[in-house]
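# Report on the structure
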Amino acid sequence: MGLLTKKDAALIKDPLFDNNPITVQVLGICSALAITAKLEAAIVMAISVMFVLALGNVVISLMRNIIPSKIRIIVQLVVAAALVIIVDLVLKAYAYNLSKTLSVFVGLIITNCIIMGRFEAFALANSPWRSFLDGLGNAAGYGIILVIVAFFRELLGTGDLLGLGQKFMGHPLLGNPIPGEMSGLYALGYENNGFMLLSPMALIVLGIVIWVQRSKNPKLKED
Amino acid sequence: MEKRTDKNSYTLLFAVAMVVIVGTLLAFTAQVLKSKIEENRRIEKQQNILYAMGVNENEGTNVNFIPTDKVNTVFKQFIKKQIVIQGSKISENDKAYLIDVKAEQEFAKNPKNTRRLPLFIGEKDGKTFYIAPIRGKGLWDAVWAYIAMDKNMVVQGAFFDHKGETPGLGANITQRFFMDDFIGEHLLDKNGNFKGITVLKGNADPKNVDKLDNEVDALAGATITGNGVSAMLKDELKLYEPYFKNLK
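Residues numbered from 1 in each chain as written. Chains lettered and ligands numbered in written order. Predicted model: local features only at pLDDT ≥ 70, side-chain atom pairs only at ≥ 80, totals over all residues. Heavy atoms only, no water.

## Comments concerning the overall build of chain B
- Secondary structure summary: chain B contains six helices and eight strands in total.
- Reading chain B from its N terminus to its C terminus gives the helix and strand order α-α-β-β-α-β-β-β-β-α-β-β-α-α.
- The C-alpha radius of gyration computed for chain B amounts to 22 Å, which surpasses the reference 18 Å derived for 248 residues by more than 25%, pointing to a less compact arrangement than a globule.
- Here the C-alpha coordinates of chain B stretch approximately 85 × 45 × 40 Å along the principal axes.
- With 248 residues in all, chain B has 47% of them scored as buried. (Helix = DSSP H or I, 4+ residues; strand = E, 2+ residues; numbered from the N terminus. Rg over C-alpha atoms; globule rule 2.2 N^0.38 Å. Buried < 20%, exposed > 50% of the residue type's maximum accessible area, 1.4 Å probe, protein only.)

## Digging into the pattern of salt bridges
Residues and elements named next belong to chain B.
- With the rule as written, the count across this model stands at 12 salt bridges over all chains.
- Notably, a salt bridge pairs glutamate 241 with lysine 238, separated by 3.5 Å at the nearest N-O pair.
- Within this structure, Lys238, Glu241 and Lys245 form a network of salt bridges that share partners. (Salt bridge = Lys/Arg side-chain N within 4 Å of Asp/Glu carboxyl O.)

## What to know about the pairing of strand 4 (residues 127-137) of chain B
Residues and elements named next belong to chain B.
- Most of strand 4 is tucked away, with eight of its 11 residues classed as buried.
- The sheet contact formed by strand 3 (residues 116-124) and strand 4 spans five bridges and is antiparallel. By the bridge assignment for strand 4, glutamate 123 is matched with threonine 128.
- Where strand 3 folds back onto strand 4 in an antiparallel hairpin, the turn is made up of two residues, including aspartate 125, whose phi is positive at roughly 50°. (Pairing = 2+ DSSP bridges.)

## Examining a nonpolar patch on the surface
Residue and element names in this part refer to chain A.
- Judged by side-chain polarity, Ile43, Ile47, Val147, Leu162, Leu164, Phe168, Met169 and Leu173 come together as a nonpolar surface patch covering roughly 710 Å² of accessible area.
- Considering each element in turn, the nonpolar patch owes the most residues, three residues, to helix 9 (residues 164-169).
- Here methionine 169 is to be found in helix 9. (Patch = residues over 30% accessible without salt bridge, like charges linked within 9 Å, V, L, I, M, F, W, Y side chains within 5 Å. Areas by Shrake-Rupley, 256 points an atom, 1.4 Å probe, with all protein chains shown as cover.)

Here it is in structure tokens:
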């Protein structure tokens, strides 16, 4: 990347893998469990968090020298809340159906620990450009895990992804589950696992992701 | 040495300025987007009402509404009359579909007030549909529906929606396999008294062949949402019963 120095590039790359906010820092778990039953919701959530975190980081960073230290947490909350409300309104105005899918969870971005964590730990001490990259990187690290978990939950839970199978084939991607017209995997005796759609399975899928990452990444190996 | 930003007066000033600036910004954004958001809500209502009476673009097992750019014309074409029932008074009002059911429920909590009940009368293929908007409580938040009935209070179509039910569980009330179960189901019992429709688990009729049993099959893992739907159908549609009695 010619545009970024090596140090800047690390700001984006680190949180994606070695220092992932969900799998390594174990932040933002609550929303990762709640909205990963459907891939579409996970993607929009990831984009919304990216917007709030990147922009919020820049705003906090610009104000880092004038924010009174006594009320800095409140200031951070106000910035996050304002941005979240703007995201919510824009979704309602221009992506009405999506805003309905996400419903309350957009509002809950405010309470996502990753956001407060990055404001406090990074933006308050770094330049706007670096804060922006840090925000992008951390949100992307959050988003990538959301997408991975949602991929497995939706596919194994409903047999479909993003409604694509329904749209183009008239039945889920894995085949037609309706008795009498069975095709694909269902004809072979496969059945959707409804348990995948429940929150406990999100935790288990997430656990598996963490396990795989920890066993493959030498930096994360513990003795 | 004390930093300038540590002073109480500075902190207070900063807080005040922040509140004013952020407040203005949010109010401004809300104002700019308001008309657009309201238009979306209006279109959605029209789509839902049409959906309940079977005017939709369903294919396979998907829920497909009339496209947003056409819905206004289609709505005028199929919905022949909109009425408002208030006590024994019945009046026509072509903005009845904009009546906020939630606000009416709140309004009617005071026993002195009589709730306005909107009812939309549509015609399709020579059949008349009476579509009622209803609202109740699910597990987490509000659930609502548009129920299309014939003059004997037999359900001809239903559209359900919710604010915050669990995705994949309670949120499945918006799926065809749940909504379509209601078609043909009777709201009155065998003696013609209002009974409602109960969402019931293990009702020995999972394919929902028996349309006279006032029961439809429940969703797995969504008992409380299902109970909410049952209660909503019972409490809300009961209010419309006198109107249907007078039709006969």
